[in-house]
Amino acid sequence: MNDIIIAGIGGQGNILLSRVVCQLFMNRGFDVKSAENIGMSQRGGSVVSYIRVGDDVGPIVPDGKADILIGLEMSEAARNVNKVNKDSVIVLNNRFVRPKNSDLKKQQILKFFEENFSKLNVINAHDIAFELNMPKAENITMLALICKEGILPFSKEEILRALEQVLTPKMYEMNKILVEKIYERY
Amino acid sequence: MKKVLMGNEAVAYSLFINGVNVAVGYPGTPSTEVIETLKNFQDDDFYVEWSTNEKVALEIAAGASLSGARSVATMKQVGLNVAADPLLSLSVVGVEGGLIVFVADDPGPHSSQTEQDTRNFARFCNLPVFDPSSPKEAFELIKPAFEISEKYKLPVLFRMTTRVCHSNQSIEFEFKREKRKIKGFEKKPDWVILPALSYIKHMELEQKLQDMKKELSAYNKVEGRGKIGIVTGGVSYFYVKEAIKGFEDLFSILKITVAHPLDEGFILEFAKDKEMLIFIEELDPVLEEEVKLILFENGRIISTYGKRNGYVPFAGELDVDKVKYIFYKVLSDKRFLAKNTFTDVLQIPKRQAQFCAGCPHRSSFLIVKNATKDKDIIFTGDIGCYTLGFAKPITTTDTCLCMGASITMAQGLNIADSSKRVIAFIGDSTFFHSGITGLVNSYYNRHNITICILDNLTTGMTGFQPHPGTGKKIYGEEGRKVSIESIVKGIGVERILLIDPYSDFTENVDKVREFLNDEELGVIVFRRECANLKSRESYFKINKNCSKCRACLKVTGCPAIDEDENGNIFIDSTLCNGCGLCKNFCRYSAIEKVMVK
Ligand code: SF4
Ligand code: SF4
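All of these numbers come straight from a predicted model, not from anything done at the bench.

Observations concerning the overall build of chain A
Stage number 1. For chain A, the helix and strand inventory stands at seven helices and six strands.
Stage number 2. Scanning chain A from its N terminus toward the C terminus, one meets helices and strands in the order β-α-β-β-β-α-β-α-β-α-α-α-α.
Stage number 3. At 15 Å, chain A has a C-alpha radius of gyration in line with the 16 Å of a compact globule built from 186 residues.
Stage number 4. Looking at chain A as a whole, 60% of its 186 residues are labelled buried.
Stage number 5. Within chain A, counting contacts between residues at least 6 apart in sequence, those at least 24 apart form 61% of the total.
Stage number 6. Accessible surface, chain A as shown: approximately 6,900 Å² in total, 49% of it carbon and sulfur.
Stage number 7. Between the averaged position of the 24 positive side-chain charges in chain A and that of its 23 negative side-chain charges there is a distance of 5 Å.

Structure follows, in structure tokens:
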């Protein structure tokens, strides 16, 4: 059983990323279930997706059960730490969008993760996506880097296949180039 | 084929496969994706549209059904309130072709003004209601829902909740459409509901409910043989299954898939050897009340735990951990207590929902706010993205009730205290949904309010559906375009002002201020395409002239503007949509445009 959480803010492509991850597992022959919040919350709010590999379960990951937490945004990752445990793998995008009305600092959040988790990975998806001129594609950038690092066990070919299944042809072409570049350069 | 489908998509696929002929709805989270998915399918005997509101949608579906077509009307739970009028009559009149009323409930709520429970509506209208637990089950239940509807000649409610609508599951199916012949409308006195007939039909309806109980009971199931009975349904069924993992022997589960009507025999059989019953359900205690009534009527005394005695919360949604906690409380068994690893984590404050960066509504609200600075004014709001006009720092929305109510509540506020000016805000889609009648009332009865129609040329909150003002139909093909200004003029309103919220801010403020001087009924149309519909041409950045005065940040509240640890103001170049609004509030020429390559 693999439980994955993807946390971010509206507009980061969280839901699309969750779709692609589901497709990746399904292509390996697993049954998947996932859940996400859509609507009002997307307007500048928190967005969280739960992915559960296995079928006879509900859509929400129970507290402490997540094997992997992927944070497209750091403070959103921190918001969901009740879902993980000390042994969970944490992947953080090096991106911090401060919740207004807070004096949270990026360093503070990083420190928290460093102190509490041994399997912590910080990934520069936001900057890399910007460098590659696709600032809105930090989600797929993140995925490519996660797989390249071996944090999720999928090959480049598998990523491309899943993208082709999930995206429109036009979107696929753009993201294909992105993934190729990431595998070449980073 | 095997595909990952969202609950709503699974419903759409199954509707199409099972030969639905007419699919209509009004967008509303979490129901929207049913029609959004159906629009990807085409066939010569299949029609799909976005209707102007839920009442319109259900009446179209009813008309189609009387002709023998399989039809579906989709909406969210509050939309069902709008469609309640035709639905209650339809349960008495009956249908011909299978008619499914798909309603998405929103425990939590995540994206709604109420947590109402459509299973209660089913009791109220005397209709059967399916309540699937997962996308896969939803997929499987569409076929019987049509069949029950056709067999008993009644509409069938198909109710899902957010966590079923918006969860995804891999589903294996054959994508092949069932072809049915539509027999056409047959004239019958039955189709004209008159009081005398209504009485007779009501008796028939009660009989039909009795008749269908046994058949519907086949969709409910019992699992396990433990002495502690759990009665559950919908997504809660899975929470229960996960919560009792490792303790399965203690429990047996009664999973209710058709929540109304319930078959007494089946319930009594389940309860026969149970020591107690625990009711795990979201929203209203529907199963709890129905089951308890059956037990009472049959002289069966048993201890029960649910919402009625405070063991299960009335508000909010459930999850595995909450269900475990309920078991812990009922059974005083510590093994059900969750171990939380991180108890005193960083406190991350809730992210306030806000207008997107570059949202034209932010500008429209600020124009009105600035134009009315020195006046005591009540601002009534409505349902849509622009409800966010209440949030800081815009704070230009004082009320929000339901679709269309900004215009009508404004009139009431004005009647009650004529010394107060009232300005109503309403969106384009909502104006067509239920704003027009309020405007007619205000013109007719001489209620002198100001109405701001915020036209962003789409239905923004639910994911950019077209509506009459866009002139585009569901596939993007040409419909007829309805002009908001022509409607307003056609009603008789003479004072209309058209504003582009992206054009010169100060000029716009002056125009609006002047317009408000005349205290007659007036309509201002703010028109600018939603920021999410266009690819951006530019973004803005802060240069070294910045004095750190924070004016841009404080006035606009744009999510793209923030300050770093050293108090330096910056614009997040990924978020900024290039609207240029913030530039108006910088006295140091520190905000400059960058064109996108
Ligand atoms: S131009 Fe200013 S107000 Fe407009 S989106 Fe960019 S930062 Fe926000
Ligand atoms: S308004 Fe101008 S000077 Fe003031 S903080 Fe913003 S960019 Fe800097």
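Here the narrative resumes.
Here's the deal with helix 17 (residues 484-491) of chain B
For an α-helix, the turn length of 3.6 residues means that residues three or four places apart are oriented alike.
All names here are of chain B.
Stage number 1. Buried residues of helix 17: I484, E485, I487, V488 and I491, and no others. End-on, the buried residues of helix 17 take up no more than an arc of 160°, which puts them together on one face. Helix 17 presents K489 and G490 as exposed residues on the side facing more than 90 degrees away from its buried surface.
Stage number 2. In this fold, the buried residues of helix 17 make contact with helix 16 (428-444), strand 17 (450-455), strand 18 (495-499) and strand 19 (522-527).
Stage number 3. Within two residues after helix 17, G492 carries a phi angle of roughly 125°, on the positive side.

Comments concerning the site of ligand 2
Stage number 1. Neighbouring ligand 2 are 14 residues; C546, C549, R550, C552 and C586 of chain B lie closest to it.
Stage number 2. Here the shell around ligand 2 is composed, by residue class, of eleven nonpolar, one polar and two charged.

What to know about empty space enclosed by the protein
Residues and elements named next belong to chain B.
Stage number 1. All chains considered together, the criterion is met by six cavities of 30 Å³ or more.
Stage number 2. Estimated volume of the largest cavity: approximately 100 Å³.
Stage number 3. Lining the largest cavity are 16 residues, and of these G358, C558, C576, C579 and C582 lie nearest its centre.

Some points on helix 3 (residues 54-66) of chain B
All names here are of chain B.
Stage number 1. Here helix 3 contains 13 residues, and its C-alpha end-to-end distance of 18 Å stays within 8% of the 18 Å for a straight helix at 1.5 Å per residue.
Stage number 2. Among the residues of helix 3, E54, A57, L58, A61, A62, A64, S65 and L66 are the ones counted as buried.
Stage number 3. Along its buried surface, helix 3 packs onto strand 2 (22-25), strand 4 (71-76), helix 4 (77-82), helix 5 (84-93), strand 5 (99-105) and helix 16.
Stage number 4. The N-cap of helix 3, judged by a side-chain oxygen 3.0 Å from the amide nitrogen of K55 a few residues on, is N53.
Stage number 5. Once helix 3 finishes, G68 follows within two positions and takes phi at roughly 95°, a positive value.

Observations concerning the site of ligand 1
Stage number 1. In the vicinity of ligand 1 there are 13 residues, among which C558, C576, C579, G580 and C582 of chain B approach most closely.
Stage number 2. Put simply, ligand 1 lies in the largest cavity.

Here we look at the sheet that holds strand 3 (residues 46-53) of chain A
Stage number 1. In space, the eight strands of this open sheet follow the order 6(A)-5(A)-4(A)-1(A)-3(A)-2(A)-8(B)-1(B), with mixed pairing throughout. The open sheet has two free edges, formed respectively by strand 6 (120-123) of chain A together with strand 1 (2-6) of chain B, since each of these has just one partner strand. Averaged over all adjacent pairs, the angle separating strand axes in this sheet is 20°, with direction ignored.
Stage number 2. Pairing geometry for strand 2 (residues 32-36) of chain A and strand 8 (residues 167-172) of chain B, over three bridges, is antiparallel. From the neighbouring strand, S34 of chain A faces strand 8 of chain B, where its bridge partner is N168 of chain B.
Stage number 3. Relative to strand 5 (residues 84-93) of chain A, helix 3 (residues 106-116) of chain A is tilted by about 140°, and along the sheet it contacts strand 4 (66-71), strand 5 and strand 6 of chain A.
Stage number 4. This element, helix 5 (residues 138-148) of chain A, spans strand 4, strand 5 and strand 6 of chain A of the sheet and lies at about 125° to strand 5 of chain A.

Some details on the environment of K201 of chain B
Residue and element names in this part refer to chain B.
Stage number 1. Tracing the chain through its elements places K201 in helix 9 (residues 195-217).
Stage number 2. Residues K201 and I377, 176 residues apart in the sequence, show an inter-C-alpha distance of 51 Å.
Stage number 3. Residues contacting K201, with those up to four places away along its chain left out, are V92, V93 and D190.

Some details on the nonpolar core
Grouped burial of nonpolar side chains is what soluble globular proteins tend to show.
Stage number 1. Grouped together as the largest cluster of nonpolar side chains are 134 residues, with contacts concentrated most on F113 of chain A together with L15, L38, F158, I280 and F327 of chain B.
Stage number 2. Broken down by element, the residue count for this core peaks at eight residues, all from helix 7 (residues 135-152) of chain B.
Stage number 3. Excluding its chain neighbours within four sequence positions, the residues that come into contact with F158 of chain B are V11, I100, V101, F102, V103, F130, P132, A138, L141, I142 and A145 of chain B.
Stage number 4. Grouped together as the second largest cluster of nonpolar side chains are 49 residues, L366, I426, L497 and I524 of chain B included.

What about the packing of helix 1 (residues 7-17) of chain B against helix 7 of chain B?
All names here are of chain B.
Stage number 1. Close contact between helix 1 and helix 7 brings their axes to 8 Å; oriented N to C, the two are set at 35°. Remark: the crossing between helix 1 and helix 7 carries right-handed chirality. Only P135, A138, F139, I142 and F146 of helix 7 make contact with helix 1, whose side of the interface consists of G7, A10, V11, Y13, S14, L15 and I17.
Stage number 2. Here the residues of the contact of helix 1 with helix 7 sort into ten nonpolar, two polar and no charged.

Considerations on a nonpolar patch on the surface
Residue and element names in this part refer to chain B.
Stage number 1. A surface patch of nonpolar side chains, amounting to about 330 Å² of accessible area, comprises Y199, I200 and M203.
Stage number 2. By the secondary structure assignment, Y199 is in helix 9.
Stage number 3. Judged by relative accessible area, Y199 falls into the exposed class, the value being 56%.

So, the state of the cysteines
One covalent bond between the sulfur atoms of two cysteine residues makes up a disulfide.
Stage number 1. The full count for this structure, using the stated rule, is zero disulfides over all chains.
Stage number 2. Not part of a disulfide, C530 of chain B finds its nearest cysteine sulfur in C385 of chain B, a span of 6.5 Å.

Considering the side chain of E150 of chain B
Residues and elements named next belong to chain B.
Stage number 1. Following the sequence through the fold, E150 ends up in helix 7.
Stage number 2. Exposure remark for E150: the relative accessible area of 19% places this residue in the buried category.
Stage number 3. In terms of polar contacts, E150 uses its side chain to reach the side chain of R70, at 2.8 Å.
Stage number 4. Excluding its chain neighbours within four sequence positions, the residues that come into contact with E150 are R70, E96, G97, G98 and R180.

A short note on the interface of chain A and chain B
In many reports, interface size means the accessible area that the parts give up when they come together.
Stage number 1. Opposite the 60 residues of chain A that make contact, chain B presents 59 residues.
Stage number 2. At the boundary of chain A with chain B, the tally comes to seven salt bridges.
Stage number 3. Residues R351 of chain B and E76 of chain A are paired through a salt bridge, measuring 2.4 Å at the closest nitrogen-oxygen approach.
Stage number 4. Between chain A and chain B we count 22 residue pairs in polar contact (both at pLDDT 80 or more) in total.
Stage number 5. Only helix 1 (14-27), strand 2, strand 3, helix 2 (74-79), strand 5, helix 3 and helix 4 (125-131) of chain A provide two or more residues apiece to the side of chain A that touches chain B.
Stage number 6. Grouping the amino acids of the side of chain A that touches chain B by side-chain chemistry returns 24 nonpolar, 16 polar and 20 charged.

As for the confidence of the model for chain B
Stage number 1. Mean pLDDT for chain B: 94, with 99% of residues reaching 70 or above.
Stage number 2. For this predicted complex, the interface score ipTM comes out at 0.90, while the overall pTM is 0.93.

Describing the pattern of salt bridges
Residues and elements named next belong to chain B.
Stage number 1. Inspection of every chain in the model, using the stated rule, returns 59 salt bridges over all chains.
Stage number 2. The salt bridge involving K151 is made with E215; its shortest N-O contact spans 2.8 Å. Taken together, the residues K151 in helix 7 and E215 in helix 9 connect sequence positions 64 residues apart.
Stage number 3. Residue classification places K151 among the exposed residues on the basis of a relative accessible area of 53%.
Stage number 4. Between K272 and E269 there is a salt bridge whose closest N-O contact spans 3.0 Å.

Rules behind the numbers
Residues numbered from 1 in each chain as written. Chains lettered and ligands numbered in written order. Predicted model: local features only at pLDDT ≥ 70, side-chain atom pairs only at ≥ 80, totals over all residues. Heavy atoms only, no water. Helix = DSSP H or I, 4+ residues; strand = E, 2+ residues; numbered from the N terminus. Rg over C-alpha atoms; globule rule 2.2 N^0.38 Å. Buried < 20%, exposed > 50% of the residue type's maximum accessible area, 1.4 Å probe, protein only. Contact = heavy atoms within 4.5 Å. Areas by Shrake-Rupley, 256 points an atom, 1.4 Å probe, with all protein chains shown as cover. Lys, Arg positive; Asp, Glu negative; His and termini not counted. Charge placed at Lys NZ, Arg CZ, Asp CG, Glu CD. Arc of directions from axis to C-beta. Near = heavy atom within 4 Å. Nonpolar A, V, L, I, M, F, W, Y, C, P; charged D, E, K, R; others polar. 1 Å grid on protein atoms, 1.4 Å probe; cavity = no way out; pocket = protein on both sides within 12 Å on 5 of 7 lines; lining within 4 Å. Points joined across faces, edges and corners; volume = space filled by probe spheres on them. Expected span 1.5 Å × (residues − 1). Polar contact = N/O pair within 3.5 Å; in protein donor to acceptor, adjacent residues only side chain to side chain. Sits in = over half its atoms within 2 Å of the grid points. Pairing = 2+ DSSP bridges. Axes fitted to C-alpha atoms, helices over the stretch in contact; angles between N-to-C directions. Core = buried A, V, L, I, M, F, W, Y, C linked by side-chain atoms within 4.5 Å. Left-handed = near helix turned anticlockwise from the far one by under 90°. Patch = residues over 30% accessible without salt bridge, like charges linked within 9 Å, V, L, I, M, F, W, Y side chains within 5 Å. Salt bridge = Lys/Arg side-chain N within 4 Å of Asp/Glu carboxyl O. Disulfide = S-S within 2.5 Å. pLDDT = per-residue confidence, 0-100.

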